[in-house]
Amino acid sequence: MDDVILARALHVLGVVIWIGGVGMATMVVLPAVRRGDLGENRFKAFQAIEHRFVWIARTAVIVVGLSGLYMVARLDLWDRFHSLSFWWMHAMVCVWLLFAFILFIGEPFILHRFFPRLARARPDFAFAVLHRVHWVLLGLSLVTILGAVAGSHGWSIF
Ligand code: HEM
């Protein structure tokens, strides 16, 4: 079972780095960027931070996905996906899919194509929308983490 312990440790490490970064972006970086504290050019300030973190987040997403899938296969947990009491298993997969889409498709193909234009034309609106999206993603992630830690240690609401 040492392999499952290692997979769980890597899983949690990946989650900490990835969602910790999302929390930092949402609660610290974006408010500072929106206020102009990091420079007049808000888009340049945001991009300088985002383009460094995006590779860290992509790596963490891969580690979390592979380690999670490994645990499901190794412990044969597929049945859990048929039961609502394991809602947090579904939530983990949904949050993972959402971020994988955003980081590997949305960020390079959508954000990079449309956001710079919007940020130049209507900066207040563009950063307000970006900030709100970050709050929604952070909220979903935190509920999932609470559910996964509590659920995998025996707690159930159903
Ligand atoms: C493909 C996606 C994922 C799969 C297949 C997966 C699978 C798993 C499995 C099998 C466990 C162990 C459950 C148990 O021991 O009963 C687990 C634990 C956990 N997962 Fe995931 N997971 C995925 C994504 C995520 C995401 C996106 C998050 C965070 C937002 C997350 C957070 C956690 C946490 C916090 C635990 C509990 C660790 C502990 O307290 O020991 N997982 N995951």
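What counts and how
Residues numbered from 1 in each chain as written. Predicted model: local features only at pLDDT ≥ 70, side-chain atom pairs only at ≥ 80, totals over all residues. Near = placed C-beta within 6 Å. Helix = DSSP H or I, 4+ residues; strand = E, 2+ residues; numbered from the N terminus. Nonpolar A, V, L, I, M, F, W, Y, C, P; charged D, E, K, R; others polar. Core = buried A, V, L, I, M, F, W, Y, C linked by C-beta atoms within 7 Å. Buried ≥ 20, exposed ≤ 12 C-beta atoms within 10 Å, placed from the backbone. Contact = placed C-beta atoms within 7 Å.

**Student:** Please provide a residue-by-residue account of the site of the ligand, values included.
**Tutor:** Surveying the vicinity of the ligand reveals 22 residues, the closest of which are Gly68, Met71, Met92, Ala148 and Ser152. Those elements that place two or more of their residues in the shell around the ligand are helix H1 (2–35), helix H2 (42–74), helix H3 (87–121) and helix H4 (123–152). Looking at side-chain class alone, the shell around the ligand contains 15 nonpolar, six polar and one charged residues.

**Student:** Quick rundown of the nonpolar core? Include the residues and the values.
**Tutor:** Counting residues in each nonpolar core, the largest one holds 14 residues, and the members touching the most others are Trp18, Ala60, Val61, Val64, Trp88 and Met92. Elements supplying a minimum of two residues to this core: H1, H2 and H3. Here the element with the most residues in this core is H3; it accounts for five residues. Ignoring sequence-local partners within four residues, the contact set of Trp88 consists of Thr144, Gly147, Ala148 and Gly151. Formed by nine residues, the second largest nonpolar core is a distinct cluster that contains Ala25, Val29, Phe127 and Leu130.

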